[in-house]
Every structure is written in structure tokens, then in C-alpha cells.
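Breakdown of the fold
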Amino acid sequence: MTNADPPAPRTVVPIEPSLLIAEAFDQAQVTELRHSVTSCVRAAGLTGQRLDDFVLAVNELITNAVRHGGGQGWLRLWRQAGHLLCEVADHGPGISARRLDDRSRPAPDTAGGWGLWLARELSDSMEVETGAAGTTVRISAGVGAHEHIGRHRRD
């Protein structure tokens, strides 16, 4: 190739970083982490009620990790194939099978017990792995043209 030869055509492949947040937290970081999650999911394409619902679901999970999971946890937020996924893990004593199997809405006058129910209702999917070594909860929300409405569909 000489200076007179035209440059070879190049293919530009956009690089989309999939990992948005990976952070350990305790009670002191809950508010700051919620703000970071809000900024990231907004930048990733969630808006309006979908954004508010997903952030509230994440907030419930990080609050549960602090209250019931040993006082601290780890959060990962990433994009994958048109979805936002958030995983919150802790090293608490785990969640009982009875509690996990109970998918009914808590009574309105119940002071606690809303976290997992809300996270399940406000996200498109929720998976829980739990045991004596801790709990990991993963939720998702569709982003873009094929967004889901979540489990709280208002048809």
C-alpha cells in the first residue's frame, strides 16, 4: 500500500459495554446506589413509570440485603439482549421456602414483607437463589421496542 492507494474500507463495530454497575454496599450507600441505578437505567433507555418501577424494585432488593442479609450486599447491573438485569446478593441466612413460595400480596396493614413481592410485581422476571450461605436475587426489565409491561400489567 502506498500513500496514493485509497485506504481499505473499515468496518466499525459499536462496542456496547454491558456491565453498568458492580458495587458492594451497606446501609450508608443505599441512597447513593439508588441514584446511580436511576442514572444508569435512564441512560440505558428506561423512562417514565417503567424506570420508576425498576428502580423501586432494585431499592427493595438492596434494602432487604441490608436488613435481612447481614448488613451489606453486592449489586450488579448490566444490559443483555434488550433487557436490563440487576442482581443483588448477600451473605445472610437465606429465605425460607415458605416465604419464597408465598406469592400473595401482603396485607395492607403489614409493616414488613413487601420487598420480594414488590420486586416480583415491578419487574418482568425475578429469580431467587437462596441458602444458608446467602441469597441472590436477579430481576429484569425489557428495554426498547419490545418492552414488557411487567407483572403489574394494567390492561
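This text goes with the structure placed above it.
Attention here is on the structure that accompanies the text. Only a predicted model underlies this, so the values are computations on that prediction, with no experimental measurement involved.

1. As for the sheet that holds strand 1 (residues 19-26)
Pairing within the open sheet is antiparallel, and its five strands lie in the order 1-2-3-5-4. The open sheet has two edge strands with one neighbour each: strand 1 and strand 4 (125-131). With strand direction ignored, the average angle separating the axes of adjacent strands in the sheet is 10°. Strand direction decides the pairing type here: strand 1 and strand 2 (residues 72-80), joined by seven bridges, are antiparallel. Residue Phe25 lies in a different strand from strand 2, and its bridge partner there is Gly73. Strands in contact with helix 1 (residues 30-43) are strand 1, strand 2 and strand 3 (83-90); relative to strand 1, the strand with the most contacts, it is inclined by about 170°.

2. Thoughts on helix 4 (residues 115-122)
Most of helix 4 sits out of view: seven of its eight residues are buried. If you check which residues of helix 4 are buried, you get Gly115, Leu116, Trp117, Leu118, Ala119, Arg120 and Leu122. Residues of helix 4 that are buried make contact with helix 2 (48-68), helix 3 (97-101), strand 4 and strand 5 (134-142).

What counts as what
- Position numbers for residues count from 1 along each chain, tracking the sequence in the order it is written.
- Given that the model is predicted, a residue must reach a pLDDT of at least 70 before its local features are reported, and side-chain atom pairs must reach 80 or more before they are shown or counted; all residues, however, enter totals for whole chains, interfaces and linings.
- With hydrogens and water set aside, each side-chain value is computed from the structure's full complement of heavy atoms.
- For two strands to be treated as a pair, DSSP must find no fewer than two bridges joining them.
- Here a helix means four or more residues in a row that DSSP labels H or I, a strand means two or more in a row labelled E, and each is numbered from the N terminus.
- To get an axis, fit a line to the C-alpha atoms, keeping to the stretch in contact for a helix; angles then go from 0 to 180 degrees between the N-to-C directions.
- Any two residues whose heavy atoms approach within 4.5 Å are treated as being in contact.
- Each residue is placed in one exposure class: buried if its accessible area under a 1.4 Å probe, protein chains only, is under 20% of its type's maximum, exposed if it is over 50%, and partly exposed if it falls in between.

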